[in-house]
Amino acid sequence: MQAKKRYILVTFSGVLLVLFYFGGLRILRNGNGHNVDQLSSLRSYLDHDDVHYDQDLHISPRQRRVARTNLYKNHKCRMETCFDFSLCKGDFKVYVYPTQEGEKVSEAYQKILASIRESRFYTSDPSKACVFVPSIDTLDRDHLSPDYVKNVPTKIKSLPLWNNGQNHVIFNLYSGTWPDYTELDLSFDQGQAILAKASLSFHNFRPKFDISIPLFPKDHPKKGGNRGDLQTNNFPIGRKYLLVFKGKRYLSGIGSETRNALFHIHNGQDIILLTTCKHGKSWEKYKDARCEQDNADFDKYDFHILLHNSTFCLVPRGRRLGSFRFLESLQAACIPVLLSNGWELPFSEVIDWNKASILGDERLLLQIPSIVRTIGNEEIMSLRQQTQFLWDTYFSSVDKIVMTTLEIIQDRVHKHLARDGFVWNRSPGALVMVPQYSENLASFPFYTSAIGVKPSQSFTAVVLATTPLVTQSVTFTKLLKSVAKSAHAAKILVLWNVDRPVPLKSKWPTLEVPLAVVDTETKMISSRFYPYDQIETDAVLSLDEDALLTTDEVDFAFSVWQSFADRIVGYPSRSHFWDEAKSKWGYTSKWTNDYSIVLTGAAFYHRYYNTLFSEYLPAKLRHRVDELGNCEDILMNFLVSHVIKLPPIKVTQRKIYKETMLQSTNPVRKTSEWLEPQHFNDRQTCMNEFANYFGYMPLVRSQMRLDPVLYKDMVSNLRKRYKQIELVDARPRTS
Amino acid sequence: MLPGSVPDYNTALDVHRGKAILAGGGFSTWTYRQAYDISVPVYNPLIAHIDLPDRPDSYFRRFVAVSAQVGIHSDFRHQLNSIAMESESILVLDRCQSVNEDVLPMNKLCHGLHEFQYPQILQEATFCIIVRGARLGQTALSDAMKAGCIPVVLSDTYVMPFSDVLDWKRAAVILNEEDLDQIPSILTSISPAGISSMRKQVKFFWNHYFSSITAITMTTLKVINDRVFPYAATTYDEWNIPQPDPGVTSPLFLPLIPPRSQGFTAVILTYDRVDSLFKVIMEISQTPSLSKVLVVWNNQQKMPPPAAEWPKINKPLKVVQTKENKLSNRFYPYDEIETEAVLAIDDDIIMLTPDELEFGFEVWREFPDRLVGYPGRLHLYDEETGKWKYESEWTNDLSMVLTGAAFYHKYFSHLYTNSMPGNIKNWVDEHMNCEDIAMNFIVSNYTGKAPIKVTPRKKFKCPECTGEQIISADQSHMVERSECITRFADIYGRMPLQTVEFRADPVLYKDPFPEELKRFRDVGSL
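In this text the structure is predicted, and so the values were computed from the model without any measurement.

### Thoughts on the state of the cysteines
All names here are of chain A.
No. 1: Counted by the stated rule, this structure contains 8 disulfides over all chains.
No. 2: The partner cysteine of Cys77 in its disulfide is Cys82, sulfur to sulfur 2.0 Å. The sign of the S-S torsion, about -90°, decides the handedness of the disulfide formed by Cys77 and Cys82: left-handed.
No. 3: Taking relative accessible area as the criterion, Cys82 reaches 0% and is therefore assigned buried.
No. 4: The partner cysteine of Cys313 in its disulfide is Cys334, sulfur to sulfur 2.2 Å. The disulfide joining Cys313 to Cys334 has a torsion of about 100° about its S-S bond and is therefore right-handed. With Cys313 in strand S9 (residues 310-316) and Cys334 in the loop between helix H11 (324-331) and strand S10 (335-339), this residue pair connects regions lying 21 residues apart in the sequence.

Set out below in structure tokens:
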């Protein structure tokens, strides 16, 4: 047989050669000039008349849209045809239907609903909403499953605002059932609703309309979520296994040929791919010749040991396209190798999976080992870090999955504000990017080095005034003067948080920089972090009215901030600790060898954090702070550490921070609130309330303080740039 | 380029395409087969010969936006005209009433009786409004890009060219057709910086992917190539970030504070100073987080002392012998280094206390992608000579740390060994100098960050090292180091070093606080 083929091939080639000899030469001989002529005589697809006389004579754009809307419905939905943008003119708001009494809602769906209700997008007023989410649990539509909810079609139809699903979002993890697990079988008609669904395939996915979400387990945490498992970035990675997989092989009903074929590339050395036939009660009925051996191998290895000791993890399709293996490997920093042809990867509208995974082709299973072996150590290091970034940012909790879904819709609705792939795929990610703040990446604190810009060279001092006679205070005047003397000061903004009229202009000191007074609306403490239009510089120097700072201290801290524009850079610091006895978080102002909070009574930070504080955090937290008249600084520290996952920075200071700590007899000042035990107790309470809100403790500790290079060195003071910092005696504080 | 024809203007081919990949201009989202077909731009051969000069950001553009399409629907035209009525900075052009026979009809457009040259007029506006015509794909998009004008696209369900790989959010304002009347308010909300970066992006897309039929063809093939070999695909950044890119993303980009438990590996390069070497080993073995000592024996004439003679320490000690006496051996990524953190330390540096070393390691954990060292040094530009100068005096700034004792991530050993640009590595080996400068350069170049100096240390000096010979040797050594900086900066094509004014000290350093309560007490002598 083989010989015959070869014979035919040789003969055929011979004939071709002969033909070429006689025919080809002729072409070469008269070829060249002739061909060029032919090329130039070809008509272009476009000439002037085409462009000039071409005219859109369609009925009208509006009618065209209407016609399209009637034609492209249901499985042909696009945002342009099935979504009513006119409901979304204002802020992006989401309405959740109230849960009916007696309605069965699974734990996972409860988490989804709660996440939306607690988010900044939530509105209880359907007339303000852009997007609607039913409270009917549609997560599990496999009617053999215990979580299956009955009568969904009737319930959905009876939703007062359903309108054939327009502007609704349906969350779904499982569709179809044994034996075929038909992907679109939700057993109700989702109509024009956006499907946020796991295991979607390209074929059924309505592009830029549906949203592919990851399959997550029932016990996926609602908030916070565990950090990724990557703690060290060893180079080279040095994990024992190259590629692993452990999972079921389905013998009856739809399964996956890929899983059945995995044994071909299992080598028992660095590629460990294990399947078990044990599934359901009657597996033995269907078992094939490999089952005994496969089952035996399967039990030899522990999945978690494999997961944490392998560079790559295979994620082959199961009954459905997505599998739990995907999130598991992502968390474990085991680079997913995807073998699930046609799977629309989770959030792939915004996430660039090439940066965190290897896309394999099920038809080319045998190539997988050589493909993963060609991936170099540097790329592995980068892929693994990206798995962790994605896990921590978009996947580690139900809240993050839900917020990512909503943010994707927001990007489609406010198209001109949509965040680009650069933002979505780079720390700190799109969930903490308020698009209304700016379309210019340089005005955020996170990208200065990634886009090669420097943060602005000046700062705005924002001083919170809380006592009526503050303009008569010597300390206050001194503070304004010291700040104004800084070459980097652009403006001083006094926030008048006092229930009296703002003092006349003549009462304020004359300064080298412009001074503006804002009569705050609420007189509440949270107004100190409001994003005032008057703040035009990247850097904000937040100050209490009685802060004691010299110009040198201000200048030095600002110079440090310019290297760390994404952190809070300040002077006095505090720490958090876990109180075993009470089993809750504690707050301490004692002198410690480390710190995790920098007080915002004197600190530099990027003005973007004002926007996050006032617009990203839910109003509930700000109200709490206002109610206590305290803890705003703790909340700000929580927020910033939550976003950047790094500690604040403490710079050196003279050891007296507040005037009150000098036991001054200044008549203006009330008894220091800082010395009151209630104030301190409130701060303990805040720590725990905030940790509870974030779902984890975001604060991170640091053991270092940044000092000027020549700080306290045995060298003439004249050589030192920041002399004042050393001039005042250090004195311990009392509380 | 132009699928379909009157009256339906099918958005794909009028013939059955079967399994063929269609690279087409003007797909709608329903005819486009996701991740299979390729949407290409509608290239305009008619203005290919017209040269449009590059206009810088500073170029005065008379109009915020221009609409210069002729075949658009009359409803769109009415809407555009009414926008233009409100705002003088928006120009809407149409065919001229009287067509001069000598001029090609496309090259002249009119606003009332005013005539404008096309496509030159596109360069007079910041934004170019492109609405759908009879077809979804419009040459106007290509023309705008060629002119460096930022497209404002209103063409519902149109699949933007190469949108599989190109991120149009960076280069265009894409709106729903219904939002046409909001154009003025949306465009005025975009900041000058935003405009500048979009314009840069438009230029980049145009030059690389749109400027000619060849560019379009090559881009199409590249897209297919990426689909066939997804594991080796061109990345988002490579497709979308304009080059040269002034930005730097650290290769260790994940915000991570590595655990203390892994500790660090001390790597000591030594030639024949065995006594001093042993002293250093004894000294550093007191550091709690030390996990291993690796001695790099750089002397091929002499064997290292027998195992019995080495100091007995409670940490593993390994010796590797090198084949050649090269300075770069100190930065080689030896397999024996199993920790992330490496402490490079000279065989004569005995003054660092365990507290100082331990603190250095703690600071490295907070900055795992930086060089963390003790004495700092500075580079300065000498305006007179036009050269860089190396500064070791007591300055208020620093941009380098000496690697006589410095912590760094093992990845940087790999970079030093395998990715050092130009002939820097060989030059260092030949001149037996500047290896630390080379290390500072490569780390700052890859991370865009300055090193961290810890504690006040100013010098690594041995008490015996005085005497005139040494000083003069020292001076020529210093001159050479200045030359190194100039040489390296030339090779990099820029100055990667970053200057800072701070150093890291323990939180309670020099604070009036009982010493016994401070975690790092023994810090501070110069």
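### Here we look at the pairing of strand S11 (residues 290-297) of chain B
Residues and elements named next belong to chain B.
No. 1: When you tally the buried positions in S11, you get 7 out of 8 residues, the bulk of the element.
No. 2: Relative to S11, strand S10 (residues 264-270) runs parallel, the two sharing 7 bridges. Looking at the pairing, Val267 lines up with Leu294 of S11.
No. 3: With respect to chirality, the unit in which S10 leads through helix H7 (residues 274-284) into the neighbouring parallel S11 is right-handed.
No. 4: Strand direction decides the pairing type here: S11 and strand S12 (residues 317-321), joined by 5 bridges, are parallel. Bridge pairing in S12 places Val296 opposite Val320.

### Section: the sheet that holds strand S5 (residues 194-197) of chain A
No. 1: Spatially, 3 strands are ordered S4-S5-S6 (chain A) in an open sheet, and the strand pairing comes out parallel. Two strands in the sheet have a free side with no partner beyond their single neighbour: strand S4 (169-172) and strand S6 (211-212) of chain A.

### Notes on the interface of chain B and chain A
No. 1: Counting residues at the interface gives 113 residues for chain B and 107 residues for chain A.
No. 2: In total, about 9600 Å² of surface goes out of reach between chain B and chain A, with carbon and sulfur atoms giving 55% of it.
No. 3: Area buried by chain B at its contact with chain A is led by Trp30, Tyr231 and Val507 of chain B, which between them contribute 9% of it.
No. 4: For the pair chain B and chain A, the number of links is 10 salt bridges.
No. 5: Between Asp420 of chain A and Arg170 of chain B there is a salt bridge, and its shortest N-O distance comes to 3.0 Å.
No. 6: Between chain B and chain A we count 55 residue pairs in polar contact (both at pLDDT 80 or more) in total.
No. 7: Listing elements by their share of the side of chain B that touches chain A, those giving two or more residues are helix H1 (74-86), strand S9 (173-175), helix H4 (192-210), helix H6 (236-240), helix H8 (354-366), helix H9 (410-418) and strand S20 (502-506) of chain B.

### Some thoughts on the packing of helix H13 (residues 377-395) of chain A against helix H14 (residues 398-413) of chain A
All names here are of chain A.
No. 1: Two elements in contact, H13 and H14, have axes whose closest approach is 7 Å; the angle formed by their N-to-C orientations is 85°. The pairing of H13 with H14 is recorded here as roughly perpendicular in orientation. Note on element contacts: H14 touches H13 through Lys400, Ile401 and Thr404, opposite Asp392, Thr393, Tyr394 and Phe395.
No. 2: When the residues that make up the contact of H13 with H14 are grouped by side-chain class, the tally is 3 nonpolar, 2 polar and 2 charged.

### So, helix H5 (residues 213-228) of chain B
All names here are of chain B.
No. 1: In this model H5 runs 23 Å from its N-terminal to its C-terminal C-alpha over 16 residues, within 8% of the 22 Å that 1.5 Å per residue would give.
No. 2: The complete set of buried residues in H5 reads Ala215, Ile216, Thr219, Thr220, Val223 and Asp226. For H5, the angular spread of the buried residues around the axis is 135°, confining them to a single face. Residues of H5 that are exposed and point over 90 degrees away from its buried face: Thr214 and Val228.
No. 3: Check the buried side of H5 and you find it contacts strand S1 (23-25), strand S2 (38-40), H4 and H6.

About the criteria used
- Sequence order as written defines the numbering, with residues in each chain counted from 1.
- Ligands are numbered from 1 and chains lettered from A, in the order in which they are written.
- Where totals are concerned, whole chains, interfaces and linings use all residues; where local detail is concerned, this predicted model gives features only for residues with pLDDT of at least 70, and gives and counts side-chain atom pairs only at 80 or more.
- Processing note: side-chain calculations cover all non-hydrogen atoms of the structure and skip hydrogens and water entirely.
- Any two cysteine sulfur atoms within 2.5 Å of one another count as a disulfide.
- Throughout, exposure labels follow a simple rule: accessible area from a 1.4 Å probe, protein chains only, divided by the maximum for the residue type, with under 20% read as buried, over 50% as exposed, and the rest as partly exposed.
- Helix and strand definitions here come from DSSP, where helices need a minimum of 4 consecutive H or I residues and strands a minimum of 2 consecutive E residues; each element is numbered from the N-terminal end.
- Strands qualify as paired when DSSP identifies two bridges or more between them.
- The handedness rule is simple: strands pointing away from the viewer, and a clockwise path from the first strand over the helix to the second, make the crossover right-handed.
- Working rule for contacts: check all heavy atoms of both residues, and any pair within 4.5 Å makes them a contact.
- The term buried area denotes the loss of accessible surface (1.4 Å probe radius) that occurs when two parts are joined, taken as the sum for both partners.
- Salt bridges are defined as contacts in which a side-chain nitrogen from Lys or Arg sits within 4 Å of a carboxyl oxygen from Asp or Glu.
- Nitrogen and oxygen atoms within 3.5 Å of one another constitute a polar contact, given that in protein one can donate a hydrogen and the other can accept it, and given that sequence-neighbouring residues count only through two side-chain atoms.
- Helix axes are fitted to C-alpha atoms over the stretch in contact, other axes to C-alpha atoms as well, and angles between N-to-C directions run from 0 to 180 degrees.
- Just so you know how the angles are binned, under 35 degrees is roughly parallel, over 145 roughly antiparallel, 65 to 115 roughly perpendicular, and the rest oblique.
- By the convention adopted, Pro, Cys, Tyr, Trp, Phe, Met, Ile, Leu, Val and Ala count as nonpolar, Lys, Arg, Asp and Glu as charged, and the other residues, Gly among them, as polar.
- Each helix should span, by expectation, one fewer than its residue count multiplied by 1.5 Å.
- Directions pointing from the helix axis toward each C-beta atom define the arc.

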